[in-house]
Amino acid sequence: FAKAYSGANIDGASVQYRVVRTANFPFWWWYRWGWYPKSADVEIVNGSATTDENGKFIIDFKAIPDLSVDRASDPTFNYTVYADVTDINGETHSSSTVISVAYKSLVVGISMSDIDKAKPAKTKFDIITNNLAGQFQAAKGMIKIFSLKSPDKAFRARMWEQADRSIYSKEEYYKLFPHDLFADETNKFKWPRQKDVLSVMFDSEKSKVLEIADFSNWTEGEYVAEITSRDKDGNEVKEVSYFSVFNTQAKTLAVPAVHDYKPIKMSVEPGEKASFVTGTSEPSVHVLYELELDGTLVSSQWIMLNKEQRLFEIQIKEGYRGNLAVHYTFVKDNRLYAENYIIGVPYTNKELDISFATFRDKLQPGANEEWKIIVK
């Protein structure tokens with residue numbers, strides 16, 4: 001529809017429109033398979049129309065899918081409708097809207113997040129069952145959570161593209177290059193499912209929340225939550241969510257890694273302590289640990305980590321306002337690891353609270369009103 005700023009309907013205006021199709025795929029498709037199906041942006045239709053006496057105009061188009069895309073990849077096609085409206089004065093305004101269409105009419109999901117067993121764990125997670133327009137649609141289904149089988153050793157990151165073929169078997173490769181990836185071992189989206197730790201039915205018409213009683217008995221590591229249901233046409237719909245269960249007070253890492261970092265409290269006020277944990281599953285890692293303030297080193301020390309996770313706490317002083325930098329550097333198996341973290345220490349002592357107050361509680365008719373500014 002077309003309306004003037006006053007709210008009046010604009011009739012008899014010329015409308016030029018076009019519809020462009022794009023394709024989206026589940027986020028985990030890339031991580032699991034390393035590629036997305038190809039689907040080029042295509043203009044489906046274009047044309048013209050005229051607004052009626054109510055300022056409305058109608059655009060009809062056929063939501064043509066990209067038939068070259070396999071339905072098994074679970075695509076969602078977005079049709080962006082662009083409209084340019086020109087009134088009788090020659091003034092043009094443009095707008096657009098997006099309509100999402102898929103082979104399945106239901107979207108499901110769970111709002112899972114990483115869990116630190118050292119803190120009071122969040123036990124309630126939202127169950128999402130919406131139509132393609134994002135509106136709630138009641139649905140029933142199953143939620144399952146699986147633990148994932150992580151590698152038995154740590155790997156350093158690949159510094160070149162993964163080869164599409166190999167002249168060695170995995171065992172031969174590990175003997176020659178014990179620290180390097182043979183394929184995609186650190187990609188948790190490809191890790192095998194190890195154990196079914198939770199299996200429950202849901203009905204979002206009755207409850208939109210998944211409640212997990214106690215994470216304290218869960219093994220630390222990586223997990224995947226899978227929610228399945230069926231849309232009104234009987235098509236199966238599914239979504240997966242990956243999350244971690246860890247413990248910042250543990251002495252070792254749950255998943256082997258050359259280096260792991262988890263922030264605990266990295267935005268603090270003077271008098272408080274900033275904290276974070278780092279760790280390694282490797283032996284004899286010599287780390288240069290430095291604190292820097294505005295280009296000047298506050299402290300510098302060498303520490304030794306031996307297959308352990310360690311808590312670091314920094315007492316924040318008044319002079320640290322303006323942020324503090326943490327430098328964490330080491331060399332392992334001829335590879336340099338240089339990590340830099342920022343501890344936020346804001347200038348809250350320079351914030352001003354400005355308010356206004358009148359000098360008089362009551363003013364006489366015709367009297368000048370006087371105000372004072374209060375700054376705290």
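Please refer to the structure placed before this passage.
Quick notes on the rules
- Every residue gets a number counted from 1 within its own chain, in the order that chain's sequence is written.
- Where totals are concerned, whole chains, interfaces and linings use all residues; where local detail is concerned, this predicted model gives features only for residues with pLDDT of at least 70, and gives and counts side-chain atom pairs only at 80 or more.
- To get the side-chain values, all heavy atoms of the structure are used, and hydrogens and water are removed first.
- As used in this record, nonpolar core signifies buried Ala, Val, Leu, Ile, Met, Phe, Trp, Tyr and Cys residues forming a set joined through side-chain atoms within 4.5 Å.
- Buried residues are those whose accessible area, probed at 1.4 Å on protein chains only, stays under 20% of the maximum for their type, while exposed residues exceed 50% and partly exposed ones sit between those limits.
- Only DSSP runs of H or I with at least four residues qualify as helices, and only runs of E with at least two residues qualify as strands; both kinds are numbered from the N terminus onward.
- Contacts are assigned to residue pairs that have any heavy atoms within 4.5 Å of one another.
- Pairing of aromatic rings covers Phe, Tyr and Trp, the last counted by its six-membered ring, and requires centre-to-centre distances within 6.5 Å; plane angles under 30 degrees mean stacked, over 60 mean edge-to-face, and any other angle means tilted.
- Should DSSP find at least two bridges between two strands, the strands are taken to pair.
- Only the contacting stretch of a helix is used when fitting its axis, a line to C-alpha atoms as for every element, and angles between N-to-C directions run 0 to 180 degrees.

Caption draft 1: Structural context of the nonpolar core. Grouped together as the largest cluster of nonpolar side chains are 25 residues, with contacts concentrated most on Tyr-289, Ile-314, Ile-316, Leu-324, Tyr-328 and Ile-343. Mapped onto this core, the elements with two or more residues apiece are β14 (273-279), β15 (285-293), β16 (296-305), β17 (309-315), β18 (324-332) and β19 (335-343). Among the elements that make up this core, the one with the highest residue count is β15 (five residues). Beyond its immediate sequence surroundings of up to four residues, Leu-324 is in contact with Leu-291, Glu-292, Leu-293, Val-298, Ile-314, Ile-316, Tyr-341, Ile-342 and Ile-343. Judged by nonpolar contacts, the second largest core, of 22 residues, contains Leu-106, Phe-125, Ile-145 and Phe-215.

Caption draft 2: Layout of the packing of aromatic side chains. The tally for this structure, following the rule as stated, stands at 18 aromatic pairs. Relative to Phe-215, the ring of Phe-125 has its centre 6.2 Å away and its plane inclined at 90 degrees; by these criteria the two rings are edge-to-face. Note that Phe-125 is positioned in strand β7 (residues 124-130) and Phe-215 in the loop between β10 (209-211) and β11 (221-230), a separation of 90 residues in sequence. Here the aromatic rings of Phe-155 and Tyr-174 are separated by 5.8 Å at their centres, their planes lie at 45 degrees, and the arrangement is tilted. Separated by 19 residues along the polypeptide, Phe-155 in the loop between β8 (140-148) and α2 (170-176) and Tyr-174 in helix α2 bring together distant segments of the chain.

Caption draft 3: How the structure looks around the sheet that holds β16. Taken in spatial order, the four strands of this open sheet run β16-β15-β18-β19, and their pairing is antiparallel. Two strands in the sheet have a free side with no partner beyond their single neighbour: β16 and β19. On average, each strand axis in the sheet is tilted by 15 degrees relative to the strand beside it, whichever way the strands run.

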